[in-house]
Amino acid sequence: AQVANYKELRHIVQFGSLYRLRYENNEVSWQYVSEDENESLVTFVKKIATAQEPFMRIKLEGLDKQAKYQVNKSYIYGGDELMNVGIDIPVLDGDFKSYTFYLRKVEK
């Protein structure tokens, strides 16, 4: 299943641009953007859980500022909004947890 998932996303990961968004002691985040800026993958990883974690948001990079992006087949945000304001990171319960966002351009 993991190999099939990679093959489906290979055009983003292998041929797209890589942005390192955050690299701190306990949090790491990176983003891949396809060559045509139509798709993006954002991964956030939290190593060790802490009590009452603060609200977290991460600013994205490399998107089309004029376009709209659908995140995880749900909400739609502007590219400029995602790069200037950011996207909310859900609460991750437990150690060594991660969350991946999939973005697809829906309109310009």
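Refer to the structure presented above.
Values in this document were obtained by computation on a predicted structure and should not be read as measured data. (Residues numbered from 1 in each chain as written. Predicted model: local features only at pLDDT ≥ 70, side-chain atom pairs only at ≥ 80, totals over all residues. Heavy atoms only, no water.)

### Concerning the overall build of the protein
To be explicit about the condition: Only runs of H or I of at least four residues qualify as helices and only runs of E of at least two qualify as strands under DSSP, and these elements are numbered from the N terminus. Put simply, the radius of gyration uses C-alpha atoms, and a globule should come to 2.2 Å times the residue count raised to 0.38. The cut-offs for exposure are 20% and 50% of the maximum accessible area for each residue type, with area from a 1.4 Å probe on protein chains only; residues under the lower value are buried, those over the upper are exposed, and the others partly exposed. In what follows, residue pairs with any heavy atoms lying within 4.5 Å of each other are defined as contacts. The Shrake-Rupley method, run with a 1.4 Å probe sphere, supplies the accessible areas, and residue values consider only the shown protein chains as cover.
Counting secondary structure elements, the protein contains 2 helices and 8 strands. When the helices and strands of the protein are listed from N to C terminus, the series reads α-β-β-β-β-β-β-α-β-β. Over its C-alpha trace the protein gives a radius of gyration of 14 Å, about what one expects of a compact globule, namely 13 Å for 108 residues. By principal-axis analysis of the C-alpha atoms, the protein measures approximately 40 × 35 × 25 Å. For the protein, the residues scored as buried account for 35% of the 108 residues in total. Restricting to contacts in the protein with at least 6 residues of sequence separation, those with at least 24 account for 54%. In the structure as shown, the protein presents an accessible area of about 7,100 Å², 47% of it carried by carbon and sulfur atoms.

### Looking at the sheet that holds strand S2 (residues 27-33)
Defined as follows: Paired strands, as defined in this entry, are two strands with at least two bridges between them according to DSSP. Think of each axis as a best-fit line through the C-alpha atoms, taken over the contacting stretch in the case of a helix, with angles from 0 to 180 degrees between the N-to-C directions.
Pairing is antiparallel across the open sheet formed by 6 strands, whose spatial order is S1-S2-S3-S8-S5-S6. Looking at which strands have only one partner, the edges of the open sheet turn out to be strand S1 (17-23) and strand S6 (75-78). For this sheet, the mean inter-axis angle between neighbouring strands, taken without regard to orientation, is 25 degrees. When S1 meets S2, the two strands line up antiparallel, connected through 6 bridges. Bridging from a neighbouring strand, Ser 17 pairs with Val 33 of S2. This element, helix H1 (residues 2-13), spans S2, strand S3 (39-46) and strand S8 (97-107) of the sheet and lies at about 100 degrees to S3.

### Things to note about the environment of Glu 35
With respect to the helices and strands, the residue Glu 35 is situated in the loop between S2 and S3. Apart from the residues within four sequence positions on either side, Glu 35 is in contact with Phe 15 and Gly 16.

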